[in-house]
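Notes for the structure review
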Amino acid sequence: MRSTIFLLIFICLITFSSCKNKEKIFINGNVQFAVQQTDLMLKQTGNPQGKYPRTINKEGILVFTSMYDWTPGFFPGTLWYLYELTGEDHWKAEAVKWTESLEPLKTFTGHHDLGFMMYCSYGNAYRLDPNEKYKEILVESANSLSTRFNPVTRTIKSWNYRKAWNDTIEWFYPVIIDNMMNLEMLFFASKVTGDKKYYDIAVSHANTTIKNHLRSDYSSYHVVDYDTISGTVKCQATCQGYSDNSTWARGQAWGIYGFTMMFRETGDSVYLNVAKKMTDWYLKTPNLPADKVPYWDFNAGQAGYEPEGTSKAKMITEKYRDASAAAVVASALFELGEFTKNEVYLKTAVDMVHTLSSPAYRAILGQSGNFILMHSVGSIPHGAEIDVPLVYADYYFIEALVRYKRMLDK
Ligand code: GLY
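Here's what I pulled together on the structure shown here. Nothing here was measured: the structure is a model prediction, and the numbers come from that model.

Focus: the layout of surface pockets
Looking at the largest pocket, its volume works out to about 600 Å³. In terms of lining, the largest pocket is formed by 29 residues, of which the most central are R127, E184, R264, E399 and R403. Looking at the lining of the largest pocket, the elements that each hand over two or more residues are α4 (114-128), α6 (184-193), α8 (249-266), α10 (323-340) and α12 (391-409). At 8 residues, α4 tops the list of elements feeding residues into the lining of the largest pocket. Among the residues forming the lining of the largest pocket, the class breakdown is 15 nonpolar, 3 polar and 11 charged. In this structure, the second largest pocket spans a volume of roughly 360 Å³.

Right, dumping it as structure tokens:
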């Protein structure tokens, strides 16, 4: 009897360790691919010259953005993750170069995306190579971001005054669900300065987001516009989704990731609960495809979610997938799965990185502008970046691999 039990334990251990080894080989294969593809990307870009890889155009040519758009931090961030995954100095040298080219952004206050821009770049830089210079740049960036906080609305303003996608409705104080992603840099600033003001802004913003961006079923609105005199909500709308009452896939993904991060940084179970509920909504919604890579909007084309205006009618003929949303969710679920010890979340995260690295989503070496993943969507209402590679899809996919590797290495 005793020897049978020992035999069973032995078999379990062997099976577990061979499964673990298989998964480490899977991660290594993806890292090797990312290394080769990113090396080709660097040959294309040369040194940073104030423009940052973002996507490809219809001819398949690499498209850059200026550093003042929301995405310049992702490429440097990916370089830092490749350094972390390989330990090779070459990646560190490139990461440093691309990161340090963003220093002028530390005083930028033009929109809310400074967290994405500086924390994906300098945040990873400081984590892997802590030094005073990077710390000061991050704190200054947190100060710049904090200038957009308004105690009346209890939120950080995402965009300045602008018209909605249809060019008629006006937003004076728009806050988007994406803004949850900018808060991590504020927690960092409180930790390294000992000044709680950044922490308080992040908590205030997150609590207001729970109140006004989430529906009772924990699906999300993309945009909430506020009245700055009374602090009340003027409207709940969309900018990149299908309709005001629909759920834009990447918006839901930002929420899942953002509230998981909020729990990590505060230990407050309210945020853990929100992250779980938003995840459960994502996983249980009937029109999530079996491979868990969502359509760009969960309600596109459905009755009861009709967009207003005419230009939107053009945008829904094909149900495009958004691999970027899936990459964000996969990365978040490695963390949420660990916090909750929920096997379903962890298994989903693992399944999702396998799906994203399959030929259905992973680019072919030397193709797709040398990005890593294909099939993401920037903004269908704006007719921009439809079914293309996107630099942030790659960033969160590689981050998910980093998190998976860490889990297996424990
Ligand atoms: N934060 C902008 C986007 O997700 O497209």
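So that's the structure; there's more coming.
Concerning the pattern of salt bridges
Applying the stated rule across the entire model yields 24 salt bridges. Residue K106 is joined to E103 by a salt bridge in which the shortest nitrogen-to-oxygen separation is 2.8 Å. Taking the relative accessible area as the measure of exposure, E103 reaches 24% and is therefore partly exposed. A salt bridge links E265 to K191; its shortest N-O distance comes to 2.8 Å. Pair noted here: E265 is in helix α8 and K191 is in helix α6, with a separation of 74 residues, a long-range link. Relative accessible area serves as the criterion here: at 58%, K191 is assigned to the exposed category.

A short note on the sheet that holds strand β8 (residues 223-226)
Pairing within the open sheet is antiparallel, and its 3 strands lie in the order β7-β8-β9. On the outer flanks of this sheet lie β7 (174-176) and β9 (233-237), each paired with one strand and no other. Sheet twist, expressed as the mean angle between neighbouring strand axes with direction ignored, is 20°. With 3 bridges connecting them, β7 and β8 associate as antiparallel partners. By the bridge assignment, P174 is partnered in β8 with D225. Contacting β7, β8 and β9, helix α7 (residues 197-213) runs over the sheet at an angle of about 105° to β8.

What about the packing of aromatic side chains?
Scanning the model with the defined rule gives 30 aromatic pairs in all. On the numbers, 5.7 Å between centres and 50° between planes, the contact of F74 with Y392 is tilted. With F74 in helix α2 (residues 74-86) and Y392 in helix α12, the pair connects residues that are 318 residues apart, well separated along the chain. Classification of F74 as buried rests on a relative accessible area of 0%. Taken together, the aromatic side chains of W70, F74, Y81, F116, W254, Y257, Y392, Y395 and Y396 make up a single cluster linked through ring pairs. The ring of Y295 carries K319 above its face, with NZ or CZ at 4.6 Å from the centroid.

Some remarks on unusual backbone geometry
Despite not being glycine, K341 shows a phi value in the positive range, around 55°. We classify K341 as exposed; its relative accessible area is 65%. Backbone geometry at N370 places phi at a positive 65°, although glycine is not the residue there. Residue classification places N370 among the buried positions, given a relative accessible area of 10%.

Some remarks on the environment of R154
Within the fold, R154 resides in the loop between β3 (149-150) and β4 (155-156). Once residues within four sequence positions are removed from consideration, R154 is found in contact with F149, S204, H205, T208 and K211. Separated by 3.2 Å, the side chain of R154 and the backbone oxygen of V152 make a polar contact.

Describing the pairing of strand β10 (residues 376-379)
Note that β10 and strand β11 (residues 384-388) share 3 bridges and pair antiparallel. Residue V377 lies in a different strand from β11, and its bridge partner there is I386. Hairpin connection, β10 to β11: the antiparallel pair is bridged by 4 residues, and G383 has positive phi, about 60°.

Observations concerning the site of the ligand
Around the ligand, a shell composed of W70, D178, Q240, W248, R250 and W254 is seen. In this structure, Q240 approaches the ligand through a side-chain N or O atom, which is 2.8 Å from an oxygen atom. Here an oxygen atom of the ligand and a side-chain polar atom of R250 are 2.6 Å apart. Relative to its free-state accessible area of 200 Å², the ligand is covered by the protein chains to the extent of 93%. Most atoms of the ligand, that is more than half of them, are within 2 Å of grid points of the second largest pocket.

A word on the environment of Q36
Tracing the backbone shows Q36 in helix α1 (residues 2-45). Taking the C-alpha atoms as reference points, Q36 and T99, separated by 63 residues in sequence, lie 20 Å from one another.

Quick notes on the rules
Residues numbered from 1 in each chain as written. Predicted model: local features only at pLDDT ≥ 70, side-chain atom pairs only at ≥ 80, totals over all residues. Heavy atoms only, no water. 1 Å grid on protein atoms, 1.4 Å probe; cavity = no way out; pocket = protein on both sides within 12 Å on 5 of 7 lines; lining within 4 Å. Points joined across faces, edges and corners; volume = space filled by probe spheres on them. Helix = DSSP H or I, 4+ residues; strand = E, 2+ residues; numbered from the N terminus. Nonpolar A, V, L, I, M, F, W, Y, C, P; charged D, E, K, R; others polar. Salt bridge = Lys/Arg side-chain N within 4 Å of Asp/Glu carboxyl O. Buried < 20%, exposed > 50% of the residue type's maximum accessible area, 1.4 Å probe, protein only. Pairing = 2+ DSSP bridges. Axes fitted to C-alpha atoms, helices over the stretch in contact; angles between N-to-C directions. Contact = heavy atoms within 4.5 Å. Phe/Tyr/Trp six-rings, centres within 6.5 Å; stacked < 30°, edge-to-face > 60°. Lys NZ or Arg CZ within 6 Å of the ring centre and 35° of its normal. Polar contact = N/O pair within 3.5 Å; in protein donor to acceptor, adjacent residues only side chain to side chain. Near = heavy atom within 4 Å. Areas by Shrake-Rupley, 256 points an atom, 1.4 Å probe, with all protein chains shown as cover. Sits in = over half its atoms within 2 Å of the grid points.

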